[in-house]
Amino acid sequence: MLLDRHNRLQHNRSMPAMRYLTLLLVLLLSVGRAPRAMSQDASVPRVKDDAVGCIRVRASPQAAAAELGCVYAGAQLRLVGSAPYWWRIETLDTPPRVGWVAKKFIQEPTAPPSTETTIREDAWLEVHFVDVGQGDAIWIRTFDDGIAGNRRYDGRNIVIDGGPDGSDGSNAFLRYLYAHAHQGAVIDAMILSHPHDDHYPGAIGLLRHFDVMSFYDGGFPKTGVKYANFRSVVDGKRVGGQPIRQYAGMQNFATPNWGSELRAEFLYAWPGAGQDTALGSASTLENNASVVLKLTYGDHSFLFMGDAEGKGRNDPADEPRYVERRLLANPGAAALRSTVLKVAHHGSETSSTLPFIRAVDPRYVVVMSGRRSYGGTYLPDASTLGRYCAHNPETRILRTDQDDEQEGRTASTDADGDHIVIRTNGKAMLVQAYSAGVQITPTACRP
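In this text the structure is predicted, and so the values were computed from the model without any measurement.

Draft legend 1. Molecular detail of helix 9 (residues 382–391). Listing the buried residues of helix 9 in full gives Thr-384, Leu-385, Arg-387, Tyr-388 and Cys-389. Packing partners of the buried residues in helix 9 comprise strand 21 (340–342), helix 8 (354–360), strand 22 (364–367) and strand 23 (396–399).

Shown next, in the form of structure tokens:
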């Protein structure tokens, strides 16, 4: 195209000076600008037509990685690899260029809804339990096959809670996601288990920096300025000019569709004023307003309990109360069985009654806690973990406070990289556990 324009200029040396200068300006403005692809074949991946300016191609799937060049709206590509939030692309140039581009700028090929019922062996579901010190912050990522519209393997990103730190500088969850994502990356669903200060403030940072598409809130009527300010951020967030889709209360949750390969079930949330009798009062009631979510992927399942309790601290462990009692009644003990349990209330003695443990029968127990002192008590309680070990000595207990006591961590230094990442393709299960950022091998159950 540029050569054609150059030839035309050579054959029109006698044209008036003004016309010559005009064409020269057009030529200069075109340099370095990739032409838009003419074909709009839906079976070919390309840069989205509404992408503006230079879409950066990077050397690795990180926002801080070196830039290798640009691609522009409409440019056709090949998808040759993937990572969370990124596609590895190959251009159709000769020779082709290869690098990483943020997924949000790529129009994937379209296909009708999939009728597939089995899970591909390479289709890994990832669950990241992020060390934020004392608090919960969980990132769930589904597999992405690079095909839009088939409603399967859509590369969904779901977060549960956000940890305790609302400022960007101290928000360990925000830092963790930024290591994988980029400004304006999509979070398909944000779930607030309940409005305690070690669960929701860090979500403010995610709302500021990412495009959150939907928000799930159990509906507990939290009072106070701090939580009201958080909800005003949720209410004011816009993505593409549209507000976040909000689902408040169990009656409005329905069944989320995060891909036909993944079964998502909300098992419990706050039942509403007047129906919350026998759930305690004050902080206990707020814990027992926690959203309980179960995900099933092939042969494996994950049960996320928030801070939902099963007993008072001094109650016997063989008599379930509160949320555990309700779950054992509905949906029932058989429906609770799960491979991975995110244990409730940071492993407090107020969780994990014996009937509940027998019903869930987990292979892995994940404890999300830090070095915050509760009147001299640190969570998890050894007695709680001991019940899991007594039930099955082969249980693996994974902790985001791994080695924190021995390392002398405090409430301000306990978010030190004790992350837990669990991946499954529906059959195999791979577990990565870390202590201060160094991978460790989980061994036999120990309190």
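Draft legend 2. Up close: the state of the cysteines. Taken as a whole and judged by the stated rule, the model has 2 disulfides. With its sulfur 1.9 Å from that of its partner, Cys-54 forms a disulfide with Cys-70. One quick way to see it: the torsion about the S-S bond of Cys-54 and Cys-70 is about -75 degrees, and its sign makes the bridge left-handed. Of this pair, Cys-54 sits in the loop between strand 1 (46–47) and strand 2 (55–58) while Cys-70 sits in strand 3 (residues 67–71), placing them 16 residues apart in sequence. In this model Cys-389 forms its disulfide with Cys-445; the gap between the sulfur atoms is 1.9 Å. Around the S-S axis, the bridge from Cys-389 to Cys-445 shows a dihedral of about -80 degrees and counts as left-handed. Placement of Cys-389 in helix 9 and of Cys-445 in the segment after strand 26 (438–440) is noted, with a sequence separation of 56 residues between them.

Draft legend 3. Molecular detail of the environment of Thr-353. Looking at the element boundaries, Thr-353 is found in the loop between strand 21 and helix 8. Along the sequence, Thr-353 and Ile-160 sit 193 residues apart, while their C-alpha atoms lie 24 Å from each other. Not counting residues within four places of it along the chain, the set of residues in contact with Thr-353 comprises Gly-310, Lys-311, Ala-317, Glu-319, Pro-320 and Glu-324. Engagement of the side chain of Thr-353 in a polar contact is seen with the side chain of Glu-324, the distance being 2.6 Å.

Draft legend 4. Seen up close, helix 5 (residues 225–236). With 12 residues, helix 5 extends 16 Å from end C-alpha to end C-alpha; this agrees with the ideal 16 Å at 1.5 Å per step. Of the positions making up helix 5, those classed as buried are Tyr-227, Phe-230, Arg-231 and Val-234. When helix 5 is viewed along its axis, its buried side chains cluster within an angular range of 95 degrees and face the same direction. Turning to helix 5, the residues buried within the fold contact strand 12 (189–192), helix 4 (203–209), strand 14 (214–217) and strand 17 (245–248).

Draft legend 5. How the structure looks around the sheet that holds strand 18 (residues 263–268). One open sheet holds the 6 strands; their spatial order is 18-19-20-21-22-23, and the pairing between them is mixed. Looking along the sheet, the strands with just one partner apiece sit at the ends: strand 18 and strand 23. Taking each pair of neighbouring strands and ignoring which way they run, the sheet shows an average axis angle of 15 degrees. The sheet contact formed by strand 19 (residues 292–297) and strand 20 (residues 300–304) spans 5 bridges and is antiparallel. Bridging across to strand 20, Lys-294 finds its partner in Leu-303. Contacts from helix 7 (residues 322–336) reach strand 18, strand 19 and strand 20 within the one sheet, and its direction differs from that of strand 18 by about 150 degrees. Its contacts with the sheet put helix 9 on strand 21, strand 22 and strand 23, and the angle it makes with strand 23 is roughly 150 degrees.

What counts and what doesn't
Residues numbered from 1 in each chain as written. Predicted model: local features only at pLDDT ≥ 70, side-chain atom pairs only at ≥ 80, totals over all residues. Heavy atoms only, no water. Buried < 20%, exposed > 50% of the residue type's maximum accessible area, 1.4 Å probe, protein only. Helix = DSSP H or I, 4+ residues; strand = E, 2+ residues; numbered from the N terminus. Contact = heavy atoms within 4.5 Å. Disulfide = S-S within 2.5 Å. Polar contact = N/O pair within 3.5 Å; in protein donor to acceptor, adjacent residues only side chain to side chain. Expected span 1.5 Å × (residues − 1). Arc of directions from axis to C-beta. Pairing = 2+ DSSP bridges. Axes fitted to C-alpha atoms, helices over the stretch in contact; angles between N-to-C directions.

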